[in-house]
Amino acid sequence: MSDDEAQAAKDRLHAAIREYHDTVYPGQYVEAWVLCTHRLSAELEQANSSVVGHLVPTGQPWPMTVGILRITSQQAENSGEDDDE
C-alpha cells in the first residue's frame, strides 16, 4: 500500500468518525480522535502473540493524543464498563 493510499483510507475513517458523531451527538464536533486496535493474524496466533496499535489524524498534536488516551483509560478503569463516553 502506498503512502497516498494509506492517507486516503485514514481520510475516509476521519469522515466516518465525524459522520457518526454528527448523528449520535448533534451539535458537537470531533476535535481530535484516536483509534486503538488489537490485531491478530494466523502467524501472530501461531506465535501466541498480537499487536496493539493506534491511529490518529495526520497532524494531530501528540499532547492531544496522549490526553485522549489517558482520559479514556481513566474512564474505563473508573467505570469498569464498555462505554463510549
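Residues numbered from 1 in each chain as written. Predicted model: local features only at pLDDT ≥ 70, side-chain atom pairs only at ≥ 80, totals over all residues. Heavy atoms only, no water.

### Regarding the overall build of the chain
Across its full length, the chain carries 3 helices and 2 strands. When the elements of the chain are put in sequence order from the N terminus, they spell out α-β-α-β-α. Since a compact globule built from 85 residues should have a radius of gyration of about 12 Å, the 15 Å found for the chain marks it as more spread out than a globular shape. Its C-alpha atoms give the chain principal-axis dimensions of roughly 45 × 40 × 25 Å. Classification of the 85 residues of the chain by burial places 15% in the buried group. (Helix = DSSP H or I, 4+ residues; strand = E, 2+ residues; numbered from the N terminus. Rg over C-alpha atoms; globule rule 2.2 N^0.38 Å. Buried < 20%, exposed > 50% of the residue type's maximum accessible area, 1.4 Å probe, protein only.)

### A closer look at the side chain of Q60
Tracing the sequence through the fold places Q60 in the loop between β2 (51-55) and α3 (62-79). Polar contacts involving the side chain of Q60 include one to the main-chain amide nitrogen of W33, which spans 3.0 Å. Leaving out residues up to four positions away in the same chain, Q60 has contacts with A32, W33, V34, T65 and I68. (Polar contact = N/O pair within 3.5 Å; in protein donor to acceptor, adjacent residues only side chain to side chain. Contact = heavy atoms within 4.5 Å.)

### Overview of unusual backbone geometry
In this model, N48 sits at a positive phi of 55°, which is unusual for a non-glycine residue. Looking at the element boundaries, N48 is found in the loop between α2 (42-46) and β2. Residue classification places N48 among the exposed positions, given a relative accessible area of 74%.

### Some points on the side chain of K10
Tracing the sequence through the fold places K10 in helix α1 (residues 3-24). One buried charged side chain, K10, makes no salt bridge at all; its nearest oppositely charged neighbour is D11, positioned 7.3 Å away. (Lys, Arg positive; Asp, Glu negative; His and termini not counted. Salt bridge = Lys/Arg side-chain N within 4 Å of Asp/Glu carboxyl O.)

The values reported here are purely geometric and, on their own, carry no functional implication.
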